[in-house]
Amino acid sequence: MTDRAERVAALNARYRHHSATSVLEGALRDPDAGQLALVSSFGAESVALLHLVAMVDRKTPVLFIDTRLLFAETLTYQQEVAERLRLENLRIIRTDRETLDKRDPYGALRMSDTDACCALRKTEPLNAALDGYDGWITGRKRYQSGTRAALEFFELEDGTGRIKLNPLAHWTPEDVRAYMEENRLPKHPLVAQGYPSIGCQPCTSKVAPGEDPRSGRWRGQDKEECGIHFVDGRAVRGGETQGEKA
């Protein structure tokens, strides 16, 4: 773990003043970063990073987690974007039916324990899919929430020891919009309907003007992350910042 932590520190120092494209190009070839896969939700802003990766190397593994609770629009959008960008190594990740039938036979786990539902449908299948990779590429950005305000390009993931690369960490909402417009990238159809952050259908609601873009995720609950991203080894909770502990 110490070696990985040193590698992350060295990577951040090496790419500190790089652009999103150059840090991505470098990381995909840098032995200190190792073998990386892109994990994408094909959500509201995902197409920007997917396009960057496609321009750098279309053979980069792209992992899409189908929780079986996604909006139909997301599934259609995923297919359209993958075809348009000609992604050559797209992998659809799902929890197998046998496991779902055993642990969530009626599909109601989300109503009693959203953390357990996210673990079953997202975290566990992702961890299995990432087995063998040194790290993964995320679309997280500093502006998205207080828990991401100090995000660096490279992080050491708690628990697994994998490296996480956040090439868009310093982008603003304006940067994302401008990139999508300049490259004529298709927008997720739900964005125009008031969904600036899109997850599973049962746990995603519309966001009113002026609200935090992620306020529609698990609305009314003390929860900000699905469990894929952790701080100090645990899922982030509302109002917390990087480094806070229970």
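In this convention, every chain numbers its residues from 1, walking through the sequence in written order. With the structure being a predicted model, the display of local features is reserved for residues of pLDDT at least 70 and the display and counting of side-chain atom pairs for 80 or more, all residues being used for whole-chain, interface and lining totals. Based on all heavy atoms of the structure, the side-chain values leave hydrogens and waters out of the count.

Student: Can you break down the environment of V53 residue by residue, with the values?
Tutor: Position of V53 relative to the elements: it lies in helix 3 (residues 46-56). Overall, V53 belongs to the buried group, its relative accessible area being 1%. With 28 residues separating them in the primary sequence, V53 and E25 have C-alpha atoms 8.4 Å apart. Between two residues, a contact is recorded if the distance between any of their heavy atoms is within 4.5 Å. Those residues in contact with V53, other than ones at most four positions away along the chain, are L24, L38, R58 and T60. Runs of E in the DSSP output that reach at least two residues are strands. Runs of H or I that reach at least four are helices, and both are numbered from the N terminus. Burial classes: relative accessible area under 20% of the type maximum marks a residue as buried, over 50% as exposed, and values in between as partly exposed (1.4 Å probe, protein chains only).

Student: Can you break down the environment of K141 residue by residue, with the values?
Tutor: With respect to the element layout, K141 can be found in the loop between strand 4 (135-137) and strand 5 (154-156). Its relative accessible area of 3% is what places K141 among the buried residues. For the pair formed by K141 and T172, sequence separation is 31 residues and the distance between their alpha carbons is 7.8 Å. Under this definition, polar contacts are N or O atom pairs within 3.5 Å; protein pairs additionally need one hydrogen-donor-capable and one acceptor-capable atom, and for neighbouring residues in sequence, both atoms have to be side-chain atoms. There is a polar contact of 3.0 Å between the side chain of K141 and the side chain of E45. A distance of 2.6 Å separates the side chain of K141 from the backbone oxygen of G139, its partner in a polar contact.

Student: Describe helix 8 (residues 173-182), with residues and values.
Tutor: Given 3.6 residues to a turn, an α-helix orients residues that are three or four positions apart in the same direction. Buried within helix 8 are the following residues: V176, Y179 and M180. Axial view of helix 8: buried residues confined to an arc of 95 degrees, hence all on one face. Relative to its buried face, helix 8 has exposed residues pointing more than 90 degrees away, namely E181 and E182. Lining the buried residues of helix 8 we find helix 3. Note on helix 8: the residue one or two positions beyond its end, R184, has a positive phi of about 50 degrees. The reported arc concerns the directions from the helix axis to the C-beta atoms and nothing else.

Student: Got a sec to walk through the packing of aromatic side chains? Specific residues and values, please.
Tutor: Note on ring pairs: Phe, Tyr and Trp rings are taken, using the six-membered ring of Trp, and paired if centres are within 6.5 Å. Classes follow the plane angle, with under 30 degrees stacked, over 60 edge-to-face and the rest tilted. Within the structure shown, the criterion is met by four aromatic pairs. Judged by centre distance (5.8 Å) and plane angle (40 degrees), the rings of Y15 and F154 are tilted. Taken together, the residues Y15 in helix 1 (residues 2-15) and F154 in strand 5 connect sequence positions 139 residues apart. There is no split in this pair, since Y15 and F154 are both buried. Aromatic pair F71 and Y195: ring centres 5.5 Å apart, planes at 65 degrees, arrangement edge-to-face. Of this pair, F71 sits in the loop between strand 2 (62-65) and helix 4 (72-85) while Y195 sits in the loop between helix 8 and strand 7 (230-231), and the two are 124 residues apart along the sequence.

Student: Outline the pairing of strand 1 (residues 36-40), supporting the account with residue identities and numerical values.
Tutor: Of all five residues making up strand 1, five are buried, and the element is well covered by its neighbours. Burial of the side chains of strand 1 extends over both faces: L36, L38 and S40 are buried on one face and A37 and V39 on the other. Note: strand 1 against strand 4, three bridges, orientation parallel. Paired with A37 across the bridge in strand 4 is W136. Strands are labelled as partners when DSSP assigns at least two bridges between them.

Student: Account for the nonpolar core, with residues named and values stated.
Tutor: What we call a nonpolar core is a set of buried Ala, Val, Leu, Ile, Met, Phe, Trp, Tyr and Cys residues that are connected through their side-chain atoms within 4.5 Å. Ranked by size, the top nonpolar core spans 46 residues in total, and within it F42, L50, L52, L87, F154, L165 and W171 carry the most contacts. Broken down by element, the residue count for this core peaks at eight residues, all from helix 3.

Student: Tell me about the confidence of the model for the protein, and name the residues and values.
Tutor: Mean pLDDT for the protein: 88, with 87% of residues reaching 70 or above. Every residue in residues 229-246 scores below 50 in pLDDT, and together they form 42 contacts with partners more than four places removed in sequence or on other chains. The predictor reports its confidence for every residue as pLDDT, a score running from 0 up to 100.

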